[in-house]
Amino acid sequence: MKKLISFLICISLTACIFTGCSKSKEKIDLIYPFSGNVNSYDPQVAATQDEFLIAENCFEGLVRCDDEGNITPGCAESWQVSEDGLSYTFKLKQGLRWYIFPSVKKTMGEDYNPEITAEDFVFGLQRAADDLTQSPLFATISAIENANEIHSGYKDESELGVYASDKYTLQINLAAADDDFLQTLSTAGGVAMPCNREFFNSTNGRYGLDLKYTMFNGQFVLTSVLETSYIMKANTAYAGPSPAKASDLTLKIVGSDESVADKLVSGYYDAAYLRGYESDKAGKKSGITLVPYSNTTWSLIINTSKGVFAKKDARKAFALSLSEIDYKEYDYLSSPKGYVPPSCTAGGKSYTEQCAATVDAKDKEEAIELWKKALKDSGTYSVSVTVLAPETMKDAAKELIQGIQSGIGTVSKVGNHDTEFSLKLETAAESEVKTKAASGDYDIVLYPLVSNSASPITFLNDIDSLKITDFYKNDFEKALEEANAADSASLVSACEECEAALYDTYCFIPVFYESNYYAQAKGVSGVQFHPGSGRVSFINATRS
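Structure report, in brief. Please read these numbers as outputs of a predicted model, since none were measured by experiment.

As a packed pair, helix H14 (residues 456–466) and helix H16 (residues 491–503) sit with axes 10 Å apart at the nearest point and diverge in direction by 25°. Taken together, the axis directions place H14 and H16 in an arrangement best described as roughly parallel. For the pair H14 and H16, the sense of crossing is left-handed. Residues Pro456, Ile457, Leu460 and Ile463 of H14 form the contact with H16, whose participating residues are Leu491, Cys495, Cys498, Glu499 and Leu502. Within the contact of H14 with H16, the residues separate by chemical class into eight nonpolar, no polar and one charged.

Written as structure tokens, this is what we have:
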């Protein structure tokens, strides 16, 4: 079981002096950079890192994970697991209540103040399994009995193996034993959070779309959404075992021209995620420490509708000609085994440490022969290729494609036909690169595939949903369907089949992993970072 990492991040305490009071009350306001990529506060449909952060801090599930990776009480004060590992029984703490906004009372009545009960967890998990919800992290709870059949539309959500034995007793039955199920519940990114059925139905399909359609039960409450920030405050209604130590948490929306690293160094931010290329700037400053988190796989995506690259032989030739970059020059990049990045886990262990390598060894001689065949078969003897890459990856991309010129770029004649080949690198802001990729306006694009959870199958599902290229993916989708139904014992091999099927198209070519970093300033302690999922908890965060 992976340890969670607790960080110390340091700025002085702010004392809040109240007029007329004889003593002061401490106020701790933490500031964290945030992109503002929030479409909903509904934890069952959370899909972005920003939405996960809100779910992590504003909702509480059955159990939590402490800094050492131990499972501790959340809404459940105790639990039992059957001898065969198929049944989990949770006893909920009595007296836990939702935070009720005034706007909710206007809708539900001034006396509306429901307890959090076992039925809330039944309904929350049923929603996550329902195929109509399309929960992005459904795979994390797919071990529950009948979950896959419900998600596929073959069974009703009421048949999910989740039952409220009484008001405070919840039973969850699994289709197959999963030793990491409690760990999954503690870090499932919101998918296993409670949901009050009565309130949900009252919103008429608008649950989570605005604060007036949302009820929180966690240690923080999102109270204000401003143009430049999201404001959270400690939940005064929280009666669970782990109240927030900080009084306020400001999620500051990062400006387009803002350097997060510079503001972290200056002390404006208490903690931050940094991209790999920013790490040198922060890492050389006294007191700033960096913890690597390799959750991104950079891939070259080839547009199969462009000329000779409609031929698989041409795409494979391109892949086999690529150069290995000098990783000593880019300590935040590393050679990939496949698509799934090292941050993903299976059975509590790193997925990449358990799987076989998918990526082919480079072979220029084979590449040249495949290229000649592709030119002949397509009748195309003049090829011009532009590789589009983010500006921040310009140097790495340049090294990567050097082998193309010295490989397939040396072919000057096929049969009686003279051949021409030109290759150029074009760079743009990463946002523009993604926009062009989505519109199909590219020949070959260097594209980041980012994992938003610790689940390898969720990552592979995210690739499938990109729809960037019209590559032939029938075999991949078939393997993906089987992987989505796999139990924990066969998950690694099922995901390996998915990776192999995708790589065999030579449309997505993984070229390197990127380590992003969790950066900490001085003096703040208790910020909890989940290395498997990338989410951050400020529940125990404080300053000294």
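A few words on the side chain of Thr297. On the secondary structure map, Thr297 appears in strand S15 (residues 289–302). Among the polar contacts made by the side chain of Thr297, one reaches the main-chain carbonyl oxygen of Tyr339 at a distance of 2.5 Å. Apart from residues lying up to four places away in sequence, Thr297 is in contact with Gly338, Tyr339, Val340, Pro341, Tyr447, Pro448, Leu449, Phe459, Pro510, Phe512 and Tyr513.

Taken in spatial order, the four strands of this open sheet run S7-S8-S10-S9, and their pairing is antiparallel. Every other strand in the sheet has two partners, leaving strand S7 (76–81) and strand S9 (162–166) as the edge strands with one partner each. Between one strand axis and the next, the sheet turns by 20° as a mean value, whatever way the strands run. Its contacts with the sheet place helix H3 (residues 118–129) against strand S8 (87–92), S9 and strand S10 (169–173), and it is angled at close to 170° to S9.

Residue position: Leu226 is located in the loop between strand S11 (220–225) and strand S12 (229–234). Using a relative accessible area of 46% as the deciding quantity, one classes Leu226 as partly exposed. Those residues in contact with Leu226, other than ones at most four positions away along the chain, are Ile231 and Ile253.

Once that is clear, we can look at the nonpolar core. Ranked by size, the top nonpolar core spans 81 residues in total, and within it Leu300, Phe309, Phe318, Trp371, Leu446, Val511 and Phe512 carry the most contacts. The dominant element in this core, judged by the number of residues it contributes, is H16, at eight residues. Beyond its immediate stretch of four places on either side in the chain, Leu446 contacts Trp298, Ser299, Leu300, Leu388, Ala389, Pro390, Met393, Ala397, Val433, Val511 and Phe512. If you look at the next biggest cluster of nonpolar residues, it comprises 78 residues, including Ala76, Tyr112, Leu170 and Met215.

Parameters and conventions
- Residues numbered from 1 in each chain as written.
- Predicted model: local features only at pLDDT ≥ 70, side-chain atom pairs only at ≥ 80, totals over all residues.
- Heavy atoms only, no water.
- Axes fitted to C-alpha atoms, helices over the stretch in contact; angles between N-to-C directions.
- Helix = DSSP H or I, 4+ residues; strand = E, 2+ residues; numbered from the N terminus.
- Parallel < 35°, antiparallel > 145°, perpendicular 65-115°, else oblique.
- Left-handed = near helix turned anticlockwise from the far one by under 90°.
- Contact = heavy atoms within 4.5 Å.
- Nonpolar A, V, L, I, M, F, W, Y, C, P; charged D, E, K, R; others polar.
- Polar contact = N/O pair within 3.5 Å; in protein donor to acceptor, adjacent residues only side chain to side chain.
- Pairing = 2+ DSSP bridges.
- Buried < 20%, exposed > 50% of the residue type's maximum accessible area, 1.4 Å probe, protein only.
- Core = buried A, V, L, I, M, F, W, Y, C linked by side-chain atoms within 4.5 Å.

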